[in-house]
Amino acid sequence: ASVLQAVFNPRNWEFVAVYIVVGGFFAGLVFSTCVVSIPMVLDRDTDAITAGLASIQAVALRTGPLVLWGALIVLLVLGAMLLPWALGLLVVGPWLGHATWHAYRGCFDWRD
């Protein structure tokens, strides 16, 4: 049997469910530490720990909008990868980068 047939066999639904839950937890952890930390490091010349903690704080204070933002990222990247050779990423990548910058600026009230 192929790997896909083995994984999606109805007898393995427990494995698939646990895999999705554990994978989703780790994906959420990575997202919450990185969602605004990379723009912060570039903008404020701060260290990675401080930026990661600020990112976690931003997610804790604005959970709904940032969960929606994470879901949009997943949907846009998956949609972009449907084109041959994932050429859609040439459009979606810079667009998400620009939108992430605005999400970062909207999460914090900087007095410049």
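(A) Summary view of the packing of aromatic side chains. The final tally for this structure, using the stated rule, is four aromatic pairs. Every member of this aromatic cluster is reached through a ring pair, and the members are Trp101, Tyr104 and Phe108.

(B) The environment of Gly79, seen in detail. Within the secondary structure, Gly79 is located in helix 5 (residues 63–80). Separated by 10 residues in the primary sequence, Gly79 and Leu89 have C-alpha atoms spaced 8.9 Å apart.

(C) Local environment of the environment of Gly52. Mapped onto the fold, Gly52 is located in helix 4 (residues 48–61). For Gly52 and Thr33, which are 19 residues apart along the polypeptide, the C-alpha to C-alpha distance reads 4.7 Å. Each residue touching Gly52, except ones within four places of it in the same chain, is listed here: Ser32, Thr33 and Ser37.

(D) Highlighting unusual backbone geometry. Residues other than glycine seldom take positive phi values, yet Trp85 does so here, at roughly 55°. Structurally, the position occupied by Trp85 is in the loop between helix 5 and helix 6 (89–107). One non-glycine residue with positive phi stands out, namely Ala86, at about 55°. Structurally, Ala86 can be placed in the loop between helix 5 and helix 6.

(E) Examining the side chain of Ser55 more closely. As for its placement among the helices and strands, Ser55 is situated in helix 4. On the accessibility criterion, Ser55 (0% relative accessible area) is buried. Of the polar contacts made by the side chain of Ser55, one reaches the backbone nitrogen of Val36; its length is 3.3 Å. Residues contacting Ser55, with those up to four places away along its chain left out, are Phe31, Ser32, Thr33, Cys34, Val35, Val36 and Ser37.

Thresholds applied
For every chain, the first residue of the written sequence is number 1, and numbering continues from 1 onward in sequence order. Reporting in this predicted model follows two pLDDT cut-offs: at least 70 for local features of residues, and 80 or more for side-chain atom pairs to be given and counted; totals over whole chains, interfaces and linings ignore these cut-offs and use all residues. Hydrogen atoms and water are omitted, and side-chain values are computed over all heavy atoms in the structure. Between the rings of Phe, Tyr and Trp (Trp by its six-membered ring), a pair exists once the centres lie within 6.5 Å; its type follows the angle of the planes, with under 30 degrees stacked, over 60 edge-to-face, and the other angles tilted. A helix here means a DSSP run of H or I that spans at least four residues, while a strand means a run of E at least two residues long, and both kinds are numbered starting from the N terminus. Note on contacts: a residue pair is in contact if any heavy atoms of the two residues lie within 4.5 Å. In this scheme, a residue with accessible area under 20% of its type's maximum is buried, one over 50% is exposed, and one in between is partly exposed, where area comes from a 1.4 Å probe on protein chains only. Two N or O atoms form a polar contact when they lie within 3.5 Å of each other; inside protein one atom must be a possible hydrogen donor and the other a possible acceptor, and for residues adjacent in sequence the pair counts only when both atoms belong to side chains.

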